[in-house]
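What follows is each chain in one-letter form.
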Amino acid sequence: MLPASTIMIGNAPQFSMGFADVLLGPRVARTPETRLRFARLATAMVAVIAGCAAASFLTWVYGFRSVALPVIVAAVAAALPIEPEH
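Model, not experiment: these values are computed from the prediction.

Calculation criteria
Residues numbered from 1 in each chain as written. Predicted model: local features only at pLDDT ≥ 70, side-chain atom pairs only at ≥ 80, totals over all residues. Heavy atoms only, no water. Helix = DSSP H or I, 4+ residues; strand = E, 2+ residues; numbered from the N terminus. Buried < 20%, exposed > 50% of the residue type's maximum accessible area, 1.4 Å probe, protein only. Phe/Tyr/Trp six-rings, centres within 6.5 Å; stacked < 30°, edge-to-face > 60°.

S.K.: Any chance you could break down the environment of L69 for me, citing the residues and the numbers?
M.R.: Residue position: L69 is located in helix α3 (residues 68–79). In this structure L69 comes out as partly exposed when scored by relative accessible area, which is 45%. Residues L69 and A55 lie 14 residues apart in sequence; the distance between their C-alpha atoms is 9.5 Å.

Written out as structure tokens, the structure is:
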């Protein structure tokens, strides 16, 4: 598994290129596949930005104790049973 920073380093340029293709590129580049790829990357980018903003706010309010929240969420998620897909 790659660290989040590695994934974001790859997603940021892809997001920029997708933005240019979808909004500024020639009509030929505006295919449904291009729009879908851009929408997926945009969703991921918004989620990361929201997570960073939340982490920043929680650190500001609670200080270093806010680091415990992701640990607790991860522990709860790890304890949940995984149901196989049908």
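S.K.: Can you tell me about the packing of aromatic side chains, naming the residues and giving the values?
M.R.: For the structure shown, the criterion picks out one aromatic pair. Ring geometry for F57 versus W60: centroids 6.0 Å apart, planes at 55 degrees, classification tilted. Of this pair, F57 and W60 both sit in helix α2 (residues 32–62), three residues apart, which is roughly one turn of that helix. In this structure W60 comes out as exposed when scored by relative accessible area, which is 70%.

S.K.: Residue-level account of the environment of T31, with values.
M.R.: On the secondary structure map, T31 appears in the loop between α1 (4–24) and α2. On the accessibility criterion, T31 (26% relative accessible area) is partly exposed. When the C-alpha positions of T31 and D21 are compared, they lie 9.3 Å apart, and in sequence the two are 10 residues distant.

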